[in-house]
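The chain contents come next:
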Protein chains: 2
Amino acid sequence: MSKPTITAFDWVPDFARGQVRDLRVRWALEEVGQPYDVLYLPQGCQKQEPHRARQPFGQVPTYEEGDLILFESGAIVLHIAEQHGRLLPGEQAARARAIEWMFAALNSVEPPISDYAFATLFEAGQPWSKPRLPAVEQRIHERFGEVSQRLGDKEWLEDDRFTAGDLMMVSVLRILEDDGFLERYPNLAAYVARGTARPAFQRALADQLAGFTGNPPPGFEEWLKQQQQQGEAA
Amino acid sequence: MSKPTITAFDWVPDFARGQVRDLRVRWALEEVGQPYDVLYLPQGCQKQEPHRARQPFGQVPTYEEGDLILFESGAIVLHIAEQHGRLLPGEQAARARAIEWMFAALNSVEPPISDYAFATLFEAGQPWSKPRLPAVEQRIHERFGEVSQRLGDKEWLEDDRFTAGDLMMVSVLRILEDDGFLERYPNLAAYVARGTARPAFQRALADQLAGFTGNPPPGFEEWLKQQQQQGEAA
């Protein structure tokens, strides 16, 4: 297998550091022991060519390996797991369940979390965000409670083996690690702590943070301040 | 392979008929020619045992085949495709790209569409829904424009072969088929029409619709009317 190249940002605001989705791909690559290169994009370039040709939504990460160009962190993590025969159990039913948790993380748990980011960051200054926030929080708690219930006292979602499903679920749950949501679910909080304590995660996180050597795009600080002020006034 | 059993609802309101996610699984099963049984759940039962043991979020569909119980329509469709060696190209890079489109449909395109359902149906009566709607619509158009751009004049997302990625993308795009969003993107509208014209889709749709033989839960009609009235007054 040729050494892959992923894309990442050379700068993001503080609130996004340690959360940009290339972290999920870096984590998977670290778990399987695959070295990789990083192509860093300045903010704004992700929406233009040549990056749009890699990623139709103008986002990071992408993954290039020889002629293959992939986007969507879920698809990339699954590809890495399959290529290396790691992060997925060999037995067919167990493998299907690990993949099931990847989809569950991305399609059932992450959407209300992304919604929270809209309500508290990207649309914090909009008049609808504050009144709507309790409904968004309730949907997050519903999902967190359900994952907590299913996890029970197991170490990982499918018993004692860490899979790509755990990698993705921990990645999604930890988005709200500093927002107090996990406190009601001690088993989930411990699960996230177990995931993020893994040496592979720690290396991936350190590498993402070390890559932020660029500068904010013009006007960013003003935009952020305006969102926050409008939010406080609302 | 033993005959699988999926779960579906025996009743949903008109706006959800032809949209409940068991349709995606039925479609995949029809494409690969796999007969299946359906266990129909009355509304409300999905949130209780024994269904909660199958599906941690209390939703349909699930998929049972021998000892394997799967949830998440994305994971189920991928499992069916892998089991039958259909709906996914054999060549590794092409296979990875087909899976990438499954994740793209579910994680990048469907969330703003689900948000539209909140704004216009489930939270239509909330005071924040109407002011927020233009922002939601803009996010949908952004994604639709990006998928349209990438599709270009190809028949399917990866050239001339229908894959599980197309199955999922068509399933997601057609949620808004009657809401006027596709009109701006003639190639997307034609792509959705090609997908839904497939005999396997038509059989799956007819079977879902034929399964709605149950009754609404007590109080449903009143709840819906209330949402609509509040929405009109807002």
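Residues numbered from 1 in each chain as written. Chains lettered and ligands numbered in written order. Predicted model: local features only at pLDDT ≥ 70, side-chain atom pairs only at ≥ 80, totals over all residues. Heavy atoms only, no water.

1. Re the domain arrangement of chain A
Residue and element names in this part refer to chain A.
At step 1: Its domain assignment divides chain A into domain 1 (5-86 + 201-220) and domain 2 (92-197).
At step 2: Distance between the C-alpha centres of domain 1 and domain 2: 21 Å.
At step 3: The interface of domain 1 with domain 2 comprises 17 residues on the first partner and 20 residues on the second.
At step 4: For the pairing of domain 1 and domain 2, the buried interface totals around 1500 Å² over both sides, and the portion due to carbon and sulfur atoms is 64%. (Domains from an automatic or database assignment. Contact = heavy atoms within 4.5 Å. Buried area = accessible area lost by both parts, 1.4 Å probe.)

2. Things to note about the layout of surface pockets
At step 1: Estimated volume of the second largest pocket: approximately 160 Å³.
At step 2: What lines the second largest pocket is a set of 13 residues, and nearest its centre among them are Arg97, Glu100, Arg150 and Glu158 of chain A together with Ile69 of chain B.
At step 3: For the lining of the second largest pocket, the elements supplying multiple residues, two or more each, are helix H4 (92-122) of chain A together with helix H2 (51-54) and strand E4 (68-71) of chain B.
At step 4: For the lining of the second largest pocket, the leading source of residues is H4 of chain A, giving three residues.
At step 5: Residues belonging to the lining of the second largest pocket are distributed by class as follows: five nonpolar, no polar and eight charged. (1 Å grid on protein atoms, 1.4 Å probe; cavity = no way out; pocket = protein on both sides within 12 Å on 5 of 7 lines; lining within 4 Å. Points joined across faces, edges and corners; volume = space filled by probe spheres on them. Helix = DSSP H or I, 4+ residues; strand = E, 2+ residues; numbered from the N terminus. Nonpolar A, V, L, I, M, F, W, Y, C, P; charged D, E, K, R; others polar.)

3. A closer look at the interface of chain A and chain B
At step 1: Facing the 48 residues of chain A at the interface are 48 residues of chain B.
At step 2: For the pair chain A and chain B, the summed buried surface comes to about 4000 Å²; carbon and sulfur atoms form 56% of the total.
At step 3: Taken together, the connections running from chain A to chain B amount to eight salt bridges.
At step 4: A salt bridge links Glu82 of chain B to Arg95 of chain A; its shortest N-O distance comes to 2.7 Å.
At step 5: Counting across the chain A and chain B interface gives 18 residue pairs in polar contact (both at pLDDT 80 or more).
At step 6: Contributions of two or more residues to the side of chain A that touches chain B are made by helix H2 (51-54), strand E4 (68-71), helix H3 (73-84), H4 and helix H5 (129-151) of chain A.
At step 7: If you tally residues by element for the side of chain A that touches chain B, the top one is H4 of chain A, at 18 residues. (Salt bridge = Lys/Arg side-chain N within 4 Å of Asp/Glu carboxyl O. Polar contact = N/O pair within 3.5 Å; in protein donor to acceptor, adjacent residues only side chain to side chain.)

4. Points about the relation of the copies chain A and chain B
At step 1: Rotating chain A by 180 degrees and moving it 0.0 Å along the rotation axis overlays it on chain B with an RMSD of 0.0 Å. The transformation relating the two chain copies, once decomposed into turn and shift, fits a two-fold axis. Of the C-alpha atoms belonging to chain A, the one lying closest to the rotation axis is found on Trp128 of chain A, 2.4 Å away.
At step 2: A shared interface surface links the copies, since 100% of the contact residues of chain A are contact residues in chain B too. (Least-squares fit on C-alpha atoms with pLDDT ≥ 70 in both.)

5. Brief notes about the sheet that holds strand E2 (residues 37-41) of chain A
All names here are of chain A.
At step 1: Overall, mixed pairing links the four strands, which are arranged E2-E1-E3-E4 in an open sheet. The outermost strands of the open sheet, each flanked by one partner alone, are E2 and E4. Put simply, the sheet's adjacent strands are angled 25 degrees from each other on average, direction ignored.
At step 2: Relative to strand E1 (residues 5-9), helix H1 (residues 22-32) is tilted by about 145 degrees, and along the sheet it contacts E1, E2 and strand E3 (62-65). (Pairing = 2+ DSSP bridges. Axes fitted to C-alpha atoms, helices over the stretch in contact; angles between N-to-C directions.)

6. What to know about the pattern of salt bridges
At step 1: In total, this model carries 34 salt bridges over all chains according to the counting rule given.
At step 2: Its salt-bridge partner being Arg139 of chain B, residue Glu123 of chain A comes within 2.8 Å of it at the nearest N-O pair. With Glu123 of chain A in the loop between H4 and H5 and Arg139 of chain B in helix H5 (residues 129-151), the pair connects residues from two separate chains. For the pair Glu123 of chain A and Arg139 of chain B, a shared accessibility class is recorded, and that class is buried.
At step 3: Members of the salt-bridge network, linked through shared partners, are Asp115, Glu123, Arg132 and Arg139 of chain A together with Asp115, Glu123, Arg132 and Arg139 of chain B. (Buried < 20%, exposed > 50% of the residue type's maximum accessible area, 1.4 Å probe, protein only.)

7. Brief notes about the pairing of strand E1 (residues 5-9) of chain B
Consecutive residues of a regular strand have side chains that alternate between opposite faces of the sheet.
Residue and element names in this part refer to chain B.
At step 1: Where burial is concerned, most of E1 is hidden: four out of the five residues are buried.
At step 2: When E1 meets strand E2 (residues 37-41), the two strands line up parallel, connected through five bridges. When the bridges of E2 are listed, Thr7 appears paired with Leu39.
At step 3: Handedness of the crossover joining E1 and E2 through helix H1 (residues 22-32) is recorded here as right-handed.
At step 4: Pairing of E1 with strand E3 (residues 62-65) involves two bridges; the strand directions are antiparallel. What sits directly across from Thr5, in E3, is Glu64. (Right-handed = clockwise from strand over helix to strand, strands pointing away.)

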